[in-house]
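# Fold and contact review
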Amino acid sequence: MNQARTVGLFLLLILVGAALFYAGYAPRQSRLSLIEAEAKTASEERIPVTTTKVKIAAAARQLTLPGNASAIGETPIYARAEGYIVKRYVDIGDRVKAGDVLVEIDSPELDQQVRNSKARLEQLRAATAQVKAAIAQAEANAKLAEVNHHRSVQLVREGVFPKADLDEKTALLDARRADVLAQKANLIAAEEAIRAQLAEVARLEELTAFKKVRAPFAGIITQRNCAVGNLITPAALAAGRDLFRLSDTSRMRIFVSTPQANVGDIRVGQKASVAIPELNKAVEGSIVRTSNALENQTRTLLTEVNVNNPNGLLMPGMFVNVTIETASNRESILVPGDAIVSRSEGLFVAALEQGDQVRFRKIEVGRDFGSAVEATSGVGPDAVLIVNPSDEVKEGVRVRASLRK
């Protein structure tokens, strides 16, 4: 009886344990099955993306960059004389030679200053003549005093005159000689005043020459900021008001911003071809200098190319394409523009690794070819990149890629 009860109790415990195990195992197994199903569904529903391969540009010995044309010499022209413009001989676009008169200024105040200065000069010359006459008179008085002094010496020696008379004649002689020295000093001062006044007259006459404003060198008038009747003052120089702007376009300076990746290809003296796209023409020149420093924001080297421009083909401010002969023979990796992602940290591309996993790579760019740019670092020649990656394309996710044809 007891044995049967023990066996029944044991079987009951086994049944209870089995029921408890099944109650815990079934939900867990269900959750695992659900997770596996979701993972399988996710793997089957990977983000579809379009990919492209980087291109390898053949080694080139030419570097083509955009540039801006500027005149070899350019200067604003100011007036030095004060007055009103009475004649204007040039306008914008006119070619002038060095020394050509551009405008004439009427300056009656300056003319009056010249007349007053010359009149003052004549007064000083008359005063100098008076001083010379006074010197002659003083020398005559001194000579007479000297004769009287000698006579007094003889008479005093013979006892005819007392010695006091000799002392009087000696003092008179010294006074007359001092008069001569004083008048000669006056003559020196008068001659110095004449020289000073001559310099003043020359200065004013030089200023009258500035009533005709002349071109400092040959070139083209590119700006005109004056008209007949305008009041012109030398103070306009400080205010920045110029009459004309003159440019020497016989030789042009072309400024080019060379990317950091190509700085090593640039040398002073290299030949360069400057092409004008609109005219389908080109002129030959050479690199004459560089700034020897890169711009902090653009990381480019300012390069100057000089070309002769005798026919005026190039104009200041014109956009041109500059082709520079380089010694570089390295291949270039070209990245399509629609595969580049711009972030605050720089430029990135979404590359595929292990066939379907996304990895974002930071790149450095060099030359810009329009639809593609040169990648100087960050990607290799076998890289496969995602085109126009969406926000769903994140680091490390796996995607379903299709190659763009």
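Residues numbered from 1 in each chain as written. Predicted model: local features only at pLDDT ≥ 70, side-chain atom pairs only at ≥ 80, totals over all residues. Heavy atoms only, no water.

Let us now look at the overall build of the protein. Summing up its helical and strand segments, the protein has four helices and 21 strands in all. Taking all 405 residues of the protein together, the buried fraction comes to 31%. Across the protein, contacts joining residues at least 24 apart in sequence account for 75% of those joining residues at least 6 apart. (Helix = DSSP H or I, 4+ residues; strand = E, 2+ residues; numbered from the N terminus. Buried < 20%, exposed > 50% of the residue type's maximum accessible area, 1.4 Å probe, protein only. Contact = heavy atoms within 4.5 Å.)

For the rest of this paragraph, the subject is helix α3 (residues 163–209). In this model, α3 (47 residues) spans 70 Å end to end at C-alpha, consistent with the 69 Å of a helix rising 1.5 Å per residue. By the burial criterion, the buried members of α3 are D165, L166, L173, V180, L187, A190, I194, Q197, V201, L204 and L207. Against α2 (108–158) lie the buried residues of α3. (Expected span 1.5 Å × (residues − 1).)

Let us now look at the sheet that holds strand β7 (residues 212–214). Taken in spatial order, the four strands make up an open sheet running β7-β6-β4-β9, and their pairing is antiparallel. Here the strands that pair on one side only, and so sit at the sheet edges, are β7 and β9 (231–232). As paired elements, strand β4 (residues 83–88) and β9 share two bridges and run antiparallel to each other. Counterpart to G83 in the pairing with β9 is I232. (Pairing = 2+ DSSP bridges.)

Core analysis: the biggest nonpolar cluster contains 19 residues, and I254, V274, V305, V307, L314, V320 and V322 have the highest contact counts within it. Those elements that place two or more of their residues in this core are β3 (62–77), β10 (244–259), β11 (271–276), β12 (281–294), β13 (300–308) and β14 (319–325). Once you skip the residues sitting within four places of it in the chain, V320 turns out to touch L65, P66, G67, I254, V274, A275, I276, P277 and L314. (Core = buried A, V, L, I, M, F, W, Y, C linked by side-chain atoms within 4.5 Å.)

The next thing to look at is the packing of aromatic side chains. Applying the stated criterion to the full structure yields zero aromatic pairs. The positively charged end of R343 is found above the aromatic ring belonging to F348, 5.1 Å away from the centroid. Residue placement shows R343 over the ring face of F360; its charged tip is 4.4 Å from the ring centre. (Phe/Tyr/Trp six-rings, centres within 6.5 Å; stacked < 30°, edge-to-face > 60°. Lys NZ or Arg CZ within 6 Å of the ring centre and 35° of its normal.)

Interaxial distance between α2 and α3 falls to 7 Å at its minimum, and their mutual angle equals 165°. Considering their axes alone, α2 and α3 lie roughly antiparallel with respect to each other. Crossing hand, α2 versus α3: left-handed. Partitioned by chemical class, the residues of the contact of α2 with α3 number 24 nonpolar, 12 polar and 17 charged. (Axes fitted to C-alpha atoms, helices over the stretch in contact; angles between N-to-C directions. Parallel < 35°, antiparallel > 145°, perpendicular 65-115°, else oblique. Left-handed = near helix turned anticlockwise from the far one by under 90°. Nonpolar A, V, L, I, M, F, W, Y, C, P; charged D, E, K, R; others polar.)

On to the environment of R95. Along the polypeptide, R95 turns up in strand β5 (residues 95–96). As a C-alpha pair, R95 and T222 span 127 residues in sequence and 9.5 Å in three-dimensional space. Residue contacts for R95: discarding those within four places in its chain leaves G219, I220, T249 and G312.

This part takes up the pattern of salt bridges. Taken as a whole and assessed by the stated rule, the structure comprises 18 salt bridges. Note that E205 and K118 form a salt bridge whose closest N and O atoms lie 3.2 Å from each other. Residue E205 is found in helix α3, and its partner K118 is found in helix α2; the two are separated by 87 residues along the sequence. Through salt bridges with shared partners, a single ionic network connects R88, D91 and R224. (Salt bridge = Lys/Arg side-chain N within 4 Å of Asp/Glu carboxyl O.)

Its place among the elements puts E304 in strand β13. You can call E304 buried: its relative accessible area is 3%. Within the local environment of E304, its side chain forms a polar contact with the side chain of R289, the two groups lying 2.9 Å apart. With residues near it in sequence (within four places) discarded, E304 still touches R253, I254, F255, S286, I287, V288 and R289. (Polar contact = N/O pair within 3.5 Å; in protein donor to acceptor, adjacent residues only side chain to side chain.)

Attention now goes to the pairing of β12. The pairing of β11 with β12 spans six bridges and is antiparallel. Each bridged residue has a counterpart across the sheet, and for S273 the counterpart in β12 is E284. The hairpin turn running from β11 into β12, its antiparallel successor, is four residues long, and N280 in that turn takes a positive phi close to 55°. Where β12 folds back onto β13 in an antiparallel hairpin, the turn is made up of five residues, including R299, whose phi is positive at roughly 55°.

For N292, which is not glycine, the phi dihedral falls at a positive 60°. Although it is not a glycine, R299 adopts a positive phi angle of roughly 55°.

All right, on to the environment of L347 then. One can find L347 in strand β17 (residues 346–353). On the basis of relative accessibility, which here comes to 29%, the residue L347 falls in the partly exposed class. It is 7.2 Å that separates the C-alpha atoms of L347 and E364, two residues lying 17 residues apart in sequence.

Relative to the assigned elements, I72 resides in strand β3. On a C-alpha basis, the gap between I72 and V307 in space is 9.4 Å, while along the polypeptide they are 235 residues apart. Setting aside residues no more than four positions away along its own chain, I72 makes contact with D248, R251, M252, R253 and N306.

Further remarks concern the pairing of β17. For β17, a buried count of six out of eight residues is recorded, marking the element as mostly surrounded by other parts of the structure. Counting the residues between successive antiparallel strands, the hairpin from strand β16 (residues 340–343) to β17 contains two residues. Linking β17 to strand β18 (residues 357–368), which pair antiparallel, is a turn of three residues; within it Q354 sits at a positive phi near 55°.

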